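A structural walkthrough
Single-letter residue listing:
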Amino acid sequence: MNAADKLIEVLESEGIPVIRQGSMTENEEYPQKFFTFWNPECEEIHYNNESRFELVTFEVNFYSTDPEEIYEIMKKTRRKLREKGFTVIDPGHDVESDEATHTGRGMTVNYREAEEK
């Protein structure tokens, strides 16, 4: 299972919809609460001129119509991601929402994906 699939699995374990960032159409209605994710970079890590692993970075965002809920859900999600081998780089920051009804919170996480041999 690759890093993105592992991330989705952890996020879906909350029973909350997971949507790739930017994939909703203009006419789609926002769910009451949902996660989004984006993979801004992957870095191949080398040692002794050999590729050892990939460091995969994700931006994980959570949006909700309940502003207090975003802190609770993100705290629980950080804990679950750590348990599944993700490194939380940024424990939380505000993110913009395209809908006035929703508040967003995000975090940056890394996953060390072993090089396939």
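It should be noted that the structure appears before, not after, this text.
These notes cover the structure that comes with them. Keep in mind the model is a prediction, meaning the values are calculated, not measured. (Residues numbered from 1 in each chain as written. Predicted model: local features only at pLDDT ≥ 70, side-chain atom pairs only at ≥ 80, totals over all residues. Heavy atoms only, no water.)

So, on to helix H1 (residues 3-12). Of the residues making up H1, those classed as buried are Ala3, Leu7, Val10 and Leu11. Angularly, the buried residues of H1 cover 95° about the axis, an arc narrow enough to put them on a single face. N-cap assignment for H1: the residue whose side-chain oxygen lies 3.1 Å from the backbone N of Ala4 is Asn2. (Buried < 20%, exposed > 50% of the residue type's maximum accessible area, 1.4 Å probe, protein only. Helix = DSSP H or I, 4+ residues; strand = E, 2+ residues; numbered from the N terminus. Arc of directions from axis to C-beta. Polar contact = N/O pair within 3.5 Å; in protein donor to acceptor, adjacent residues only side chain to side chain.)

Counting across every chain of the model gives four salt bridges. Linking Lys76 and Glu14 is a salt bridge whose minimum nitrogen-to-oxygen distance equals 3.5 Å. Note that Lys76 is positioned in helix H2 (residues 67-83) and Glu14 in the loop between H1 and strand S1 (18-20), a separation of 62 residues in sequence. Overall, the relative accessible area of 35% leaves Lys76 in the partly exposed class. When its relative accessible area of 18% is taken as the criterion, Glu14 is described as buried. (Salt bridge = Lys/Arg side-chain N within 4 Å of Asp/Glu carboxyl O.)

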